[in-house]
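Examining the three-dimensional arrangement
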Amino acid sequence: MKVWFVGAGPGDPELLTLKAQRIIAACPVCLYAGSLVPEAVVAGAPEGARVLDTAPMTLEETHAEILAARERGQDVARVHSGDPSLYGAIAEQIRLLRRDGVDFEIVPGVPAYAAAAAALRQELTVPDVAQSIVLTRMSMKSTAMPNGETLENFAATGATLAIHLGIRALRDIERRLTPFYGAECPVAVVYRASWPDQAILRGTLSDIHGKVRDAKITRTALILVGPALGAAQDFPDSALYDAARPHLLRPKAR
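Description of the structure in this document. Model, not experiment: these values are computed from the prediction. (Residues numbered from 1 in each chain as written. Predicted model: local features only at pLDDT ≥ 70, side-chain atom pairs only at ≥ 80, totals over all residues. Heavy atoms only, no water.)

Things to note about the sheet that holds strand 7 (residues 160-164)
Strand order in the open sheet made by the five strands is 6-7-10-8-9, with mixed pairing throughout. Only two strands of the sheet have a single neighbouring strand rather than two, namely strand 6 (133-137) and strand 9 (199-204). For this sheet the average axis-to-axis angle between neighbouring strands, irrespective of direction, equals 20°. Note: strand 8 (residues 186-191) against strand 10 (residues 221-225), five bridges, orientation antiparallel. Considered in strand 10, the bridge of V187 is made with V225. Across the sheet, helix 8 (residues 208-215) lies against strand 8 and strand 9, angled at about 150° from strand 9, the strand it touches most. (Pairing = 2+ DSSP bridges. Helix = DSSP H or I, 4+ residues; strand = E, 2+ residues; numbered from the N terminus. Axes fitted to C-alpha atoms, helices over the stretch in contact; angles between N-to-C directions. Contact = heavy atoms within 4.5 Å.)

What to know about the environment of A215
Mapped onto the elements, A215 comes out in helix 8. It is 8.7 Å that separates the C-alpha atoms of A215 and L201, two residues lying 14 residues apart in sequence.

Quick look at the sheet that holds strand 3 (residues 50-53)
A sheet is described by the order of its strands in space; here five strands give the open sequence 3-2-4-1-5, paired in parallel fashion. Here the strands that pair on one side only, and so sit at the sheet edges, are strand 3 and strand 5 (103-107). With strand direction ignored, the average angle separating the axes of adjacent strands in the sheet is 15°. Sheet topology places strand 2 (residues 29-32) next to strand 4 (residues 76-80); four bridges connect them, and they run parallel. Bridging across to strand 4, L31 finds its partner in R78.

Side note on the pattern of salt bridges
Pairs can form between side chains of opposite charge whenever their charged atoms are close. The final tally for this structure, using the stated rule, is 12 salt bridges. We note a salt bridge from K2 to D103, for which the minimum N-O separation is 4.0 Å. Residue K2 is found in strand 1 (residues 2-7), and its partner D103 is found in strand 5; the two are separated by 101 residues along the sequence. The class for D103 is partly exposed, based on a relative accessible area of 43%. Between R99 and D100 there is a salt bridge whose closest N-O contact spans 3.0 Å. (Salt bridge = Lys/Arg side-chain N within 4 Å of Asp/Glu carboxyl O. Buried < 20%, exposed > 50% of the residue type's maximum accessible area, 1.4 Å probe, protein only.)

Below, the structure is given as structure tokens:
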């Protein structure tokens, strides 16, 4: 018996990996985070499968379902949104599985920031503008952030920031980031990336709060901040395909 932590991607069922589809279709037990994973993602579970939305369940209750499945000799697909390695809350689940000797495996998925970048139709790492992406979140009502992992510390690098769980804290984000990026720094808010009701708002640190307020977006949105979002034309080509910079797979032309 094995537990499969399956990354369901950002929402669009067509963004499931082939392996994720295969695992969901093979497991007689499917536990999915229904607040973020659409039912269409788990519709491929086998006929008669035990399919449970874990949104109203506690950690202990989901683990009890897994132990009951072990007693029946049944594999479990534990389906999470995006990629399980990012805010997937799988660490505490894995701790319990290891304690109880339950085998498990992780199947990666498309993360929300990648789906958001695709929706924006742009690269987040632009030559001479930004070559790093910081994936972070706001505390709000969630687990507190570790000391040192502050917006100010991340902003000091000039990297592109992908901020989760921050849509209700845009005023605070603006206040904390403006000294580093400037009031006119580009910002993009992607609501429910890849879902049918996906919405994109573009603005700056100085005006994005008003746009989000007018759109009445209050949850399930990713905030992207950084100069790379506005670098549509004014940047040099990457060295990757530069004819003047040969490499192993593209020797210098004679």
